[in-house]
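Now for the letters of each chain:
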Amino acid sequence: RLPLTHLELQSNKLDSSVGLALAASLRGNERCTELNPNNNSIDAHAANAVKEALAAVEKAWRKTEEGKAHAKAHGTGARKGGGASNFLGDLFNMT
């Protein structure tokens, strides 16, 4: 069983209620640090909730053995192309 670390959700006709549900589902997660929500109708409130949830996941991941090993190997605490920062760029591509 492999944990989910990356989720592609672009162009799925997701609305803000799904964005808020997604943010809630990320609570307590320490693995899914990358999310691609491009081309969905998620409003600013829901997008911010998802962004904050992803930042919390990223912070929790950095405290795991895997996150610590990655930081040691790469000299950083963030994953290459890391999660929450990708989400910010994706916000500009939402419709």
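The structure this text deals with has already been given above.
This write-up is about the structure you can find in this document. Keep in mind that what you see is a predicted model, and the values were worked out from it rather than measured.

Criteria and thresholds
Residues numbered from 1 in each chain as written. Predicted model: local features only at pLDDT ≥ 70, side-chain atom pairs only at ≥ 80, totals over all residues. Heavy atoms only, no water. Helix = DSSP H or I, 4+ residues; strand = E, 2+ residues; numbered from the N terminus. Expected span 1.5 Å × (residues − 1). Buried < 20%, exposed > 50% of the residue type's maximum accessible area, 1.4 Å probe, protein only. Arc of directions from axis to C-beta. Polar contact = N/O pair within 3.5 Å; in protein donor to acceptor, adjacent residues only side chain to side chain. Core = buried A, V, L, I, M, F, W, Y, C linked by side-chain atoms within 4.5 Å. Contact = heavy atoms within 4.5 Å. 1 Å grid on protein atoms, 1.4 Å probe; cavity = no way out; pocket = protein on both sides within 12 Å on 5 of 7 lines; lining within 4 Å. Points joined across faces, edges and corners; volume = space filled by probe spheres on them. Nonpolar A, V, L, I, M, F, W, Y, C, P; charged D, E, K, R; others polar. Salt bridge = Lys/Arg side-chain N within 4 Å of Asp/Glu carboxyl O.

## With respect to helix α2 (residues 44-62)
Part 1 of the argument: Taking 1.5 Å of rise per residue, 19 residues should cover 27 Å, and α2 covers 27 Å from first to last C-alpha, within 8% of that figure.
Part 2 of the argument: When α2 is considered as a whole, its buried residues turn out to be A46, A47, V50, A53, L54, V57, E58 and W61. Projected onto a plane normal to the axis of α2, the buried residues spread over an arc of 145° and lie on a single side. Exposed and facing more than 90 degrees away from the buried side of α2 are A44 and H45.
Part 3 of the argument: Taking the backbone nitrogen of H45 as reference, a side-chain oxygen 3.2 Å away marks D43 as the first, capping residue of α2.

## So, the nonpolar core
Soluble, globular proteins show a tendency: their nonpolar side chains are buried together.
Part 1 of the argument: Core analysis: the largest hydrophobic core is formed by 11 residues, namely L9, L14, L22, A23, L26, C32, L35, V50, A53, L54 and V57.
Part 2 of the argument: Mapped onto this core, the elements with two or more residues apiece are α1 (16-26) and α2.
Part 3 of the argument: Of all the elements, α2 adds the most residues to this core, at 4 residues.
Part 4 of the argument: Sequence-distant contacts of L22, that is, excluding residues within four places in its chain, are made with L7, L9 and L35.

## Side note on empty space enclosed by the protein
Part 1 of the argument: Evaluated as defined, the whole model comprises 1 cavity of 30 Å³ or more.
Part 2 of the argument: Here the largest cavity defines a volume of roughly 40 Å³.
Part 3 of the argument: Residue lining of the largest cavity: L9, L14, V18, G19, L22, P37, I42 and V50, and that is the complete set.
Part 4 of the argument: The leading source of residues in the lining of the largest cavity is α1, at 3 residues.
Part 5 of the argument: A class-by-class count of the residues in the lining of the largest cavity yields 7 nonpolar, 1 polar and no charged.

## Let's talk about the side chain of S16
Part 1 of the argument: Within the secondary structure, S16 is located in helix α1.
Part 2 of the argument: In terms of polar contacts, S16 uses its side chain to reach the backbone amide nitrogen of D43, at 2.7 Å.

## A short note on the pattern of salt bridges
Part 1 of the argument: Enumeration over the complete set of coordinates arrives at 1 salt bridge.
Part 2 of the argument: A salt bridge links R31 to E66; the shortest N-O distance between them is 1.9 Å. With R31 in the loop between α1 and β2 (34-36) and E66 in helix α3 (residues 65-74), this residue pair connects regions lying 35 residues apart in the sequence.
Part 3 of the argument: In this structure R31 comes out as partly exposed when scored by relative accessible area, which is 21%.
Part 4 of the argument: What makes E66 partly exposed here is its relative accessible area of 36%.

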